[in-house]
Amino acid sequence: MGSPYLLSGARTRDMGEKIYLTYEQQVEKLRRDGLIVDDEKAAVARLKWEGYYNFAVGYNRLFKDDKKRYIRGVRFGHIEALYDFDKHLRGIVYEYTQGVECNLKALIADTFSRLYGVREREYLSEENFTSDPAERGNVRWLISTCRELLSDGKKEGTGGYRDYIAHNAKVYGHVPLWALIRAMSFGNASRFLKLMKPEDRGEIAREYRINGRTLCNMTELAVGFRNIAAHGERVYCARLPAVRLTENLPLFRRIQVPCFPDGKPRYGRCDFLSLMLVFKYLLPRNEFSAFLSRVEKEVDALKEKLPAFAMKRVYEQTGLSGAWRKLGAVSL
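Predicted, not measured: the structure shown is a model, and the values here were computed from it.

Participant: Could you give an account of unusual backbone geometry, naming the residues involved and the relevant values?
Facilitator: Despite not being glycine, R209 has its phi angle at roughly 65 degrees, a positive value. Mapped onto the fold, R209 is located in the loop between α10 (198–205) and α11 (212–230). With phi around 60 degrees, Q256 is a residue other than glycine that occupies positive phi space. Note on placement: Q256 falls in the loop between α12 (251–254) and α13 (272–282).

Participant: Pulling in residues and values, what's your account of helix α15 (residues 308–318)?
Facilitator: Along α15, the positions that sit buried rather than exposed are A310, M311, V314 and T318. Relative to the axis of α15, the buried residues are bounded by an arc of 100 degrees and lie together on one face. Counted as exposed and oriented over 90 degrees from the buried face of α15: A308 and K312. G319, located one to two residues past α15, shows a positive phi value of around 85 degrees.

Participant: So what's going on with the pattern of salt bridges? Residues and values would help.
Facilitator: The final tally for this structure, using the stated rule, is 18 salt bridges. One salt bridge in this structure joins K87 and D84, with 3.9 Å as the shortest N-O distance. Placement of both K87 and D84 in helix α4 (residues 76–116) is noted, with a separation of three residues, approximately one turn of the helix. The salt bridge partner of E126 is R140, with a shortest N-O separation of 3.2 Å. Taken together, the positions of E126 in the loop between α5 (120–123) and α6 (136–153) and R140 in helix α6 put the pair 14 residues apart, joining distant regions of the chain. Look at R140 and you get partly exposed, because its relative accessible area is 47%. Bridged by salt links that share partners, the residues R46, E50, E80, D84 and K87 form one connected network.

Participant: Now, about the packing of helix α14 (residues 285–303) against α15: what can you tell me, with residues and values included?
Facilitator: Viewed as axis vectors pointing N to C, α14 and α15 meet at an angle of 155 degrees, and their least axial separation amounts to 10 Å. It follows from the interaxial angle that α14 and α15 lie roughly antiparallel. Along its contact with α14, which presents V299, L302 and K303, the element α15 presents M311, V314 and Y315. Split by residue class, the contact of α14 with α15 holds five nonpolar, no polar and one charged.

Participant: I'd like a rundown of the nonpolar core, residues and numbers included.
Facilitator: Core analysis: the biggest nonpolar cluster contains 107 residues, and L177, F192, F272, M276 and F291 have the highest contact counts within it. The greatest single-element share of this core, amounting to 17 residues, is contributed by α4.

Participant: Requested: an account of helix α3 (residues 52–59), with residues and values cited.
Facilitator: The element α3 is extensively covered by neighbouring structure, given that six of its eight residues are classed as buried. Among the residues making up α3, those that are buried are Y52, F55, A56, V57, G58 and Y59.

Participant: Let's hear about the environment of R31: which residues, and what values?
Facilitator: Secondary-structure assignment places R31 in helix α1 (residues 23–32). For the pair R31 and Y70, spaced 39 residues apart in sequence, the C-alpha to C-alpha distance is 9.2 Å. Excluding its chain neighbours within four sequence positions, the residues that come into contact with R31 are V37 and E40. A polar contact is formed between the side chain of R31 and the side chain of E40, at a distance of 3.0 Å.

Quick notes on the rules
- Residues numbered from 1 in each chain as written.
- Predicted model: local features only at pLDDT ≥ 70, side-chain atom pairs only at ≥ 80, totals over all residues.
- Heavy atoms only, no water.
- Helix = DSSP H or I, 4+ residues; strand = E, 2+ residues; numbered from the N terminus.
- Buried < 20%, exposed > 50% of the residue type's maximum accessible area, 1.4 Å probe, protein only.
- Arc of directions from axis to C-beta.
- Salt bridge = Lys/Arg side-chain N within 4 Å of Asp/Glu carboxyl O.
- Axes fitted to C-alpha atoms, helices over the stretch in contact; angles between N-to-C directions.
- Parallel < 35°, antiparallel > 145°, perpendicular 65-115°, else oblique.
- Contact = heavy atoms within 4.5 Å.
- Nonpolar A, V, L, I, M, F, W, Y, C, P; charged D, E, K, R; others polar.
- Core = buried A, V, L, I, M, F, W, Y, C linked by side-chain atoms within 4.5 Å.
- Polar contact = N/O pair within 3.5 Å; in protein donor to acceptor, adjacent residues only side chain to side chain.

Below is the structure:
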């Protein structure tokens with residue numbers, strides 16, 4: 001069970017320091033801020049399990065006005081509904097980004113092994129990667145990282161040990177890329193893709209019917225959301241700080257994503273909708289259909305529990321505005 005939190009909004013009069021509140025006092029604070037708590041015992045139990053900061057502070061902004069007071073009629077159960085919606089969404093994102101990661105690694109390993117061999121002395125050579133001078137340092141870093149994974153993977157009794165790496169090294173005298181890439185993080189696999197020769201990367205991208213640059217863009221976005229989900233951060237209102245999905249995708253027009261006055265899409269660049277667009281390209285049709293169905297189910301369930309104003313804010317936060325449900329039917 002989690003212990004009571006020090007509340008960021010609770011301060012002493014003279015020192016301005018955070019103060020300790022019991023779970024019952026936390027509930028009372030929520031009530032003072034205008035939240036309706038129907039079952040105090042159940043509320044205390046939820047705060048004990050989730051933690052005040054993670055649960056209430058993390059999800060209450062959607063239900064507050066400009067004065068940071070809960071809008072009239074907002075109940076503890078509304079925060080619970082949003083929290084559970086995001087928790088379910090997080091699990092869905094993690095599951096399907098794993099599928100994207102697995103497929104991408106398989107395609108990289110297959111393409112690179114066919115072109116540059118299966119021995120690490122052969123494929124881990126600078127000449128097999130991009131010749132762009134600006135990326136030379138990144139290529140060397142990637143090769144060094146791969147060699148460290150190979151070295152650590154052979155050391156039994158350590159956190160870096162991988163039986164499949166040690167087995168290949170011992171039995172065959174080398175470790176093919178399809179074994180090494182299993183030990184890579186999704187982020188490093190994405191960097192590997194980005195540092196491949198453009199023509200080699202383009203070969204992989206054609207499997208998804210896009211170009212190499214777009215594939216790198218989509219992969220970076222998938223990595224960003226995977227990391228958010230893996231670390232238990234909020235997914236429904238996530239905004240990736242450094243990645244923007246290319247706006248040149250015809251899908252923006254086909255599902256009628258609202259636009260700014262200059263014609264640029266209002267949603268779908270770095271929000272949850274952007275990940276849905278990425279999945280439309282990177283997941284097999286049946287997998288995307290299953291993903292879309294699960295998201296629709298969660299959205300519909302939340303709509304039944306939240307006030308209209310709050311659901312409108314959810315649509316804005318997620319980017320699920322427009323005909324996003326048509327994604328399953330539209331062609332690429």
